[in-house]
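Breakdown of the fold
This is what each chain is made of:
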Amino acid sequence: MHLNSMAKKQKYYVVWQGNTPGIYDNWADCQKQVTGVSAAQYKSFDTLEAARYAYQRPYDEIKGTHTTPTAQPPMVGIDENGMTVVRPGGVPGPELNSIAVDAACSGNPGAMEYQGVYVATRQQLFHFITPLGTNNIGEFLAIVHGLAYLKQHHMKQILYSDSKIAINWIRHKECRTKLPLTPDTAALWNVIRRAEAWLQNNTYTTEIRKWDTDHWGEIPADFNRK
């Protein structure tokens, strides 16, 4: 974020496409980022909260709204120390004493990774990467890894995932991917089989909940590649 603390904060400017995308608290700095830039994408907002909310979303989704988006900004944010904070009022926020998991994939299939973080502090608890996989597989493996992590450490936190598909696969104790078993995917399939075996051979009391992205913003384990 690029904020000039000495400027009078009347409006905030989001630059999606420009010399340096980001959030600016004065028009002069914003203008430097968009002047001469072909198809520059930017918009002003009345509050920093609204600007942050907009910057997390595609320009095409925001450009036709008023300066303050009609949708409520996410309930969850991050303070200057990297700690998770919950905006008061509105829809109840998530349990902060919990863990969240998410996956990212470059291509489908493609290079895939997942991670688990502690929601309150965003501290990474585990991370896995493989050269070939899919996003759904990553989401599934992330949940299983989270369940195993919590059981191993005798922790009773809630586990959040933003994938309905993966949560459904967990209920059936099966990774229902259509990714074929080939020499290139054999190592990943070994990981999948171990995860399925863990589900079939272990009991757990962890509550798995769907992360409410519409109200809370991106899940804390998100890789910020959207």
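Just above sits the structure.
This one's a predicted model, so the numbers in the text were calculated from it and none came from an experiment.

Thoughts on the layout of surface pockets
Empty space within the second largest pocket amounts to approximately 220 Å³. Forming the boundary of the second largest pocket are Y114, F128, L141, V144, H145, A148, V191, R194, A195 and W198. For the lining of the second largest pocket, the secondary structure elements donating two or more residues are helix 4 (135-152) and helix 6 (186-201). Classifying every residue of the lining of the second largest pocket gives 8 nonpolar, 1 polar and 1 charged.

Quick look at the packing of aromatic side chains
A full pass over the atoms with the stated rule returns 12 aromatic pairs. Considering the side-chain rings of Y13 and W27, the 5.7 Å spacing of their centres and the 50 degrees angle between planes classify their relative orientation as tilted. Of the two residues, Y13 is situated in strand 1 (residues 12-17) and W27 in helix 1 (residues 27-34); the sequence distance between them amounts to 14 residues. On the basis of relative accessible area, Y13 is assigned to the buried category, the value being 14%. Ring geometry for Y160 and W216: centres 5.8 Å apart, planes at 90 degrees, overall edge-to-face. On the criterion of sequence distance, the pair formed by Y160 in strand 9 (residues 158-161) and W216 in helix 7 (residues 213-216) is long-range, its members being 56 residues apart. Grouped by ring-pair contacts, the aromatic residues Y114, F126, F128 and Y149 constitute a single cluster.

Digging into helix 6
An ideal rise of 1.5 Å per residue puts 22 Å on 16 residues; helix 6 measures up with 22 Å between its terminal C-alpha atoms. Taken together, the buried positions of helix 6 are occupied by L188, W189, V191, I192, A195, E196, W198 and L199. Against the buried residues of helix 6 lie strand 7 (110-118), strand 8 (124-133), helix 4 and helix 5 (164-172).

Here's the deal with the sheet that holds strand 3 (residues 41-45)
In spatial order, the strands read 2-1-3; together these 3 strands make up an open sheet with antiparallel pairing. Among the strands making up the open sheet, the edge pair consists of strand 2 (22-24) and strand 3. Shown here is a sheet whose adjacent strand axes are inclined to one another by a mean of 20 degrees, direction ignored. Both strand 1 and strand 3 contribute to a ladder of 5 bridges, which runs antiparallel. In the strand pairing of strand 3, V15 is matched with Y42. Seen against the sheet, helix 2 (residues 48-55) touches strand 1, strand 2 and strand 3 and runs at an angle of roughly 10 degrees to strand 1.

Conventions adopted
Residues numbered from 1 in each chain as written. Predicted model: local features only at pLDDT ≥ 70, side-chain atom pairs only at ≥ 80, totals over all residues. Heavy atoms only, no water. 1 Å grid on protein atoms, 1.4 Å probe; cavity = no way out; pocket = protein on both sides within 12 Å on 5 of 7 lines; lining within 4 Å. Points joined across faces, edges and corners; volume = space filled by probe spheres on them. Helix = DSSP H or I, 4+ residues; strand = E, 2+ residues; numbered from the N terminus. Nonpolar A, V, L, I, M, F, W, Y, C, P; charged D, E, K, R; others polar. Phe/Tyr/Trp six-rings, centres within 6.5 Å; stacked < 30°, edge-to-face > 60°. Buried < 20%, exposed > 50% of the residue type's maximum accessible area, 1.4 Å probe, protein only. Expected span 1.5 Å × (residues − 1). Contact = heavy atoms within 4.5 Å. Pairing = 2+ DSSP bridges. Axes fitted to C-alpha atoms, helices over the stretch in contact; angles between N-to-C directions.

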